[in-house]
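Structural description and commentary
One letter stands for each residue in the lines below.
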Amino acid sequence: MSKITVVGAGNVGATAANVLAIRGIADEVVMIDIKEGISEGKAMDMMQTANLLDMNTRVVGVTNDYEKTKDSDIVIITSGIPRKPGMTREELIGVNAGIVKMVTDNVLKHSPEAVIICVSNPMDTMTYLIHKVSGLPKNRIIGMGGALDSSRFKYYLSDALCANPNEVEGMVIGGHGDTTMIPLKRFATLRGVPVTEYLDSEKLDKIVADTMVGGATLTKLLGTSAWYAPGAAAAEVAEAVLHNQLAIIPCSALLDGEYGEKDICIGVPCLLGKGGIIKIIELPLNDEEKELFRKSAEAVRKTNAALPE
């Protein structure tokens, strides 16, 4: 029986659990939260849609009882405080680092073979922290950010092209930050045709700029971090791993020489399947893209340096 644990039953965690359940990605989804009643109530609410949606996944909610997460194939960590308007992801580091470390220790006590997907912000740095505190093989720790950023890029592209979003391909690499992500407009396509055939450079530059502040735009509108797309992105990564889809999805991965970087978690295209990251795909970046990636990595390292000892 397949089992996925979602740590944190807030907006993002509950959305991830709901997508996992509705799509039947796992046989059982466990939501765990520190606040009494939240995960239990949301799980019950989801299960009351089972008959309406022809849903076969069992959703369970628990409060702080990690024993119930035992033998999870995948653990999605969404815990931490969300962004408020005007906040950067980096400003969350102090509080969220302590939470992510505690959660990692607890889930691995009961699911030592699990693949961990990190959603908590600042995502690249929290993914790096999990590597440092867990001792897990690097293929079993995945940061979700690139999947979300790429989805936002494809949204803006499809909107500008007046096209079906499912017919647009686009990829975002680099850090999961408003100034560090790198939407790769040169690689973007509509049904295999480069989008440069349809959009001029001015329009593409605006799409890139809108993508980079996509999260901040929503935070300003909503008064807190977005949740539908982040939750769905986490579920997409989990599905690729659990079902051995061999899908190429941009994710935050620990680099060891790829793209000229070492000892850093940052967004790169990853081949995902059983066991997590099967392979990091090295794209043929041009000089401008290489320089953007170098600067992005430099910024991520600065955030990593703020991790508490």
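Counting starts from 1 at the beginning of each chain's written sequence and moves along it residue by residue. With the structure being a predicted model, the display of local features is reserved for residues of pLDDT at least 70 and the display and counting of side-chain atom pairs for 80 or more, all residues being used for whole-chain, interface and lining totals. Side-chain measures were taken over the full set of non-hydrogen atoms in the model, leaving aside hydrogen atoms and water.

Overview of the overall build of the protein
Secondary structure counts use DSSP, requiring at least four H or I residues in a row for a helix and at least two E residues in a row for a strand, with both numbered from the N terminus. A tally of helices and strands in the protein yields ten helices and 14 strands. Its C-alpha atoms give the protein a radius of gyration of 18 Å, near enough to 19 Å, the size a compact globule of 309 residues would have. Expressed as lengths along the three principal axes of its C-alpha atoms, the size of the protein is roughly 50 × 50 × 35 Å. Three exposure classes are used, based on accessible area relative to the maximum for each residue type with a 1.4 Å probe and protein chains only: buried under 20%, partly exposed in between, and exposed over 50%. Out of the 309 residues in the protein, the part that is buried amounts to 55%. The criterion used for residue contact is that any of the two residues' heavy atoms lie within 4.5 Å. In the protein, of all internal contacts separated by at least 6 residues, the share reaching a separation of at least 24 is 70%. Calculation of accessible area relied on Shrake-Rupley with a 1.4 Å probe; when residues are assessed, cover is drawn exclusively from the protein chains displayed. Carbon and sulfur atoms make up 52% of the accessible area of the protein, which totals about 13,900 Å². Taking the 31 positively charged and 39 negatively charged side chains of the protein as two groups, their mean positions are separated by 2 Å. Using C-alpha atoms as the atom set, the radius of gyration is obtained and then compared with a globule rule of 2.2 Å times the number of residues to the power 0.38. The convention is simple: Lys and Arg are positive, Asp and Glu are negative, and His and the chain ends are not counted. Just so you know, the charge point we use is NZ for Lys, CZ for Arg, CG for Asp and CD for Glu.

Concerning a nonpolar patch on the surface
Residues with no salt bridge and a relative accessible area higher than 30% make up the patches, which join like charges within 9 Å and nonpolar side chains (Val, Leu, Ile, Met, Phe, Trp, Tyr) within 5 Å. What makes a salt bridge here is a side-chain nitrogen of Lys or Arg within 4 Å of a carboxyl oxygen of Asp or Glu, nothing more. Together, Ile 22, Leu 52 and Leu 53 give the surface a local cluster of nonpolar side chains, amounting to about 310 Å² of exposed area. Relative to the helices and strands, Leu 52 is located in helix α3 (residues 50-53).

Concerning the packing of helix α6 (residues 145-161) against helix α7 (residues 201-212)
The axes used here are C-alpha line fits, helices contributing only the stretch in contact, and every angle between their N-to-C directions lies in the interval 0 to 180 degrees. Relative orientation of the contacting elements α6 and α7 amounts to 145 degrees, with a least axis distance of 9 Å. In the crossing of α6 with α7, the sense of the turn from one axis to the other is right-handed. Residue-level inspection shows Asp 149, Arg 152, Phe 153, Tyr 156, Leu 157 and Ala 160 of α6 in contact with α7, the latter providing Lys 203, Leu 204, Ile 207, Asp 210 and Thr 211. Class assignment of the residues belonging to the contact of α6 with α7 gives a composition of six nonpolar, one polar and four charged. Rotating anticlockwise by less than a right angle from the far helix to the near helix defines a left-handed crossing, while the corresponding clockwise rotation defines a right-handed one. Residues are grouped as follows: Ala, Val, Leu, Ile, Met, Phe, Trp, Tyr, Cys and Pro are nonpolar; Asp, Glu, Lys and Arg are charged; all remaining types, including Gly, are polar.

Some thoughts on the pattern of salt bridges
One pass over the full model with this rule turns up twelve salt bridges. Arg 301 is the partner of Glu 261 in a salt bridge, and the nearest nitrogen-oxygen pair spans 2.6 Å. Pair noted here: Glu 261 is in the loop between β12 (247-256) and β13 (262-273) and Arg 301 is in helix α10 (residues 287-304), with a separation of 40 residues, a long-range link.

Notes on α7
Helix length check: α7 (twelve residues) gives 16 Å between terminal C-alpha atoms against 16 Å at 1.5 Å per residue, within 8%. Those residues of α7 that sit buried are Leu 204, Ile 207, Val 208, Thr 211 and Met 212. Buried positions in α7, seen along its axis, are confined to an arc of 135 degrees and lie on one side of it. Where α7 is buried, its residues meet α6, β8 (172-174), β9 (181-183) and α8 (214-222). Take the residue count of a helix, subtract one, and multiply by 1.5 Å to get its expected span. It is the directions from the helix axis to the C-beta atoms whose arc is reported.

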